[in-house]
Structure formats: C-alpha cells, structure tokens
Amino acid sequence: MTVDVILPCLNEEAALAWVLERMPGGFRPIVVDNGSTDRSPQIAAELGAEVVREPVRGFGSACHAGLLAASSEVVCFMDADASLDPGQLSRVTAPVAGGSSDLVLGRRVPSEAGAWPAHARLANAVLAGSLRRHTGAPLHDLGPMRAARRAALLALGLTDRRFGYPLEMVLRAAAAGWRIGEVEVDYLPRKGRSKVTGTLRGTLTAVSDMRRVMAEVRAG
C-alpha cells in the first residue's frame, strides 16, 4: 500500500532535506507550500516530493489542500520541521490500514530536554484533557503526526483553515463514532523557529483557534 504523507510547509528549507530523505518506502510526500519565501518548494521538488501550492495562508488551508491533492486510500499528516521522524510513520498507519482504528494520532514523547517548550506542553495537556472529557477519545496529545482514510476524512466536511483544523478533525471524527487511537512517537528539537510552539504568542493564537473550533462544533 502506498500512503500519501501531507507536509504543510512555510519556510522549512532548513528541515525539508532531513525529512524527505528519511521518508520510508511506500510513503509518498506531498509538500504543501503555504507561501514560503525561502527555497522550500525548490528543495522539495529536487528531492522528488509532489509540491502543491496553497496561496491562502493558514495551517488548515495547507492541510486540506494536501488532502485534496492526495490519492491514496490511507493518508498521513505530519509537520515538515524535522520535529517528527518519518521513519515512524508506520506506527500511525498500521492500525488504520489493519482496520483496528479509524484515526490514529502520534503521542509526542520528547527525545531531549527543550524539544517541547513548557508553555506549549502545558497548553496541549489542557486541551487533551478537555478532549478526553468531551469525546471519550483516549488522547493525551493533539499530535501532528496522524493517519486516517482519505475518503472518510473528506466526508467529515472539515471547515477550519487555521490552527483549529487538527482539533476539528478529532472532534468531528469522535462525533461520527470513529475509533480513535494513540501511539507514541519521538518528538525531536525542530530545525528553525516554530510558528506555534516556538513563541508564547504563537501558542496563544493556536489555543484561541482551537477554543473557537470546539465551541462551534459543540454548537452543532
């Protein structure tokens, strides 16, 4: 089985080569360029990835553009900043491909001190706790490495195009009765500065987007 791997990308030239060169056989990278001003799209193309251009800024915009461009039955999402090892993608795809889960998220385990800033880790823990209470999904991390079936994801009708996209996916999947699982993956120090966890402002913006999405989904 070939699995398309959707990699939202905004100025990740420092990390892309490491990520793409570690992509295992059977996994096809789709790099969604979301307005990079560096050489990210050129590097991705040179290393054999499919490059999709998404001019509308937003993490969700990039993720959804990749989902629309994908063609495999099972798809993965992961960050392109080298904080996640593509060599571990099979951990999230295996339960989906095997039919035991419908959506699997990678629970990040920091590989070293400083890989996951304290403010971002705390915000994630609070959000994961809220998800467990309201959905029953056994999640401890809203992990960016995840896998599901493409047709089923499209049928969820995800609408957020900002940082709330990953949360909306979990909320709508839970509401649809999906079997949601979690596996451990290594969390590495990213290359370059994060647009979210690297700053308190970025983290607060993401939390704000996710609170909005949670309220909207609950309201129906």
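Keep in mind that this is a model prediction, so the values were computed, not measured.

1. Describing a positive patch on the surface
Step number 1: A surface patch of like charges, here positive, comprises R107, R132, R133 and R218.
Step number 2: Looking at where R218 falls in the secondary structure, it is placed in helix α8 (residues 200-219).

2. Some thoughts on the packing of aromatic side chains
Step number 1: Applying the stated criterion across every chain yields a total of 2 aromatic pairs.
Step number 2: Above the plane of the ring of Y187 lies R108, whose end atom (NZ or CZ) is 5.0 Å from the centre.

3. Some thoughts on the pairing of strand β3 (residues 50-53)
Step number 1: As judged from the 4 bridges shared by strand β2 (residues 27-33) and β3, these two strands associate in the parallel manner. From the neighbouring strand, I30 faces β3, where its bridge partner is E50.
Step number 2: Regarding topology, helix α2 (residues 40-46) serves as the crossover connection from β2 to the parallel β3, and that connection is right-handed.

4. A word on the pairing of β2
Within a regular beta strand, the side chains point alternately toward one face of the sheet and then the other, so they alternate between its two faces.
Step number 1: With 6 of 7 residues buried, β2 lies mostly within the body of the structure.
Step number 2: Judged from the 7 bridges that link them, strand β1 (residues 3-9) and β2 form a sheet pairing that is parallel. Bridge pairing in β2 places D4 opposite R28.
Step number 3: Handedness of the crossover joining β1 and β2 through helix α1 (residues 13-21): right-handed.

5. Comments concerning the environment of A15
Step number 1: Within the secondary structure, A15 sits in helix α1.
Step number 2: Exposure remark for A15: the relative accessible area of 0% places this residue in the buried category.
Step number 3: C-alpha of A15 to C-alpha of A137: the two residues are 122 residues apart in sequence and 32 Å apart in space.
Step number 4: If we skip the residues at most four places from it in the chain, A15 touches A80, D81, A82 and K191.

6. Focus on unusual backbone geometry
Step number 1: Residue N11 is not a glycine yet carries a positive backbone phi of 55°.
Step number 2: If you trace the backbone, N11 turns up in the loop between β1 and α1.
Step number 3: Of note, the phi angle at A82 is positive, near 70°, even though the residue is not glycine.
Step number 4: Along the chain, the position of A82 falls in the loop between β4 (74-77) and α4 (89-97).

Rules used in this analysis
- Residue numbers here run from 1 along each chain, matching the order of that chain's written sequence.
- In keeping with the predicted nature of the model, local features appear solely for residues at pLDDT of at least 70, side-chain atom pairs appear and are counted solely at 80 or more, and the whole-chain, interface and lining totals rest on all residues.
- To get the side-chain values, all heavy atoms of the structure are used, and hydrogens and water are removed first.
- The patches reported here contain residues having more than 30% relative accessible area and no salt bridge. Joining distances are 9 Å for like charges and 5 Å for nonpolar side chains (Val, Leu, Ile, Met, Phe, Trp, Tyr).
- Methods summary: accessible areas were calculated by the Shrake-Rupley approach with a probe of 1.4 Å, and residue burial reflects only the protein chains presented.
- By definition here, a salt bridge exists when the distance from a side-chain nitrogen of Lys or Arg to a carboxyl oxygen of Asp or Glu is within 4 Å.
- Neither His nor the chain termini are counted; the positive set is Lys and Arg, and the negative set is Asp and Glu.
- Charged side chains are reduced to one point each, which is NZ for Lys, CZ for Arg, CG for Asp and CD for Glu.
- Numbering goes from the N terminus for both helices and strands, where a helix is a DSSP run of H or I of at least four residues and a strand is a run of E of at least two.
- For this analysis, a ring pair means two rings from Phe, Tyr or Trp (six-membered ring only for Trp) whose centres lie within 6.5 Å, classed as stacked if their planes differ by under 30 degrees, edge-to-face if by over 60, and tilted for the remaining angles.
- In this analysis the charged atom, NZ for Lys or CZ for Arg, is taken to sit over a ring once it is within 6 Å of the ring centre and within 35 degrees of the ring normal.
- Only strands joined by at least two bridges in the DSSP assignment are considered to pair.
- A crossover gets the label right-handed when its path from the first strand over the helix to the second runs clockwise, viewed with the strands pointing away from the viewer.
- The classification of residues rests on relative accessible area computed with a 1.4 Å probe and restricted to protein chains. Under 20% of the type maximum is buried, over 50% is exposed, and intermediate values are partly exposed.
- We call two residues in contact whenever any of their non-hydrogen atoms come within 4.5 Å of each other.

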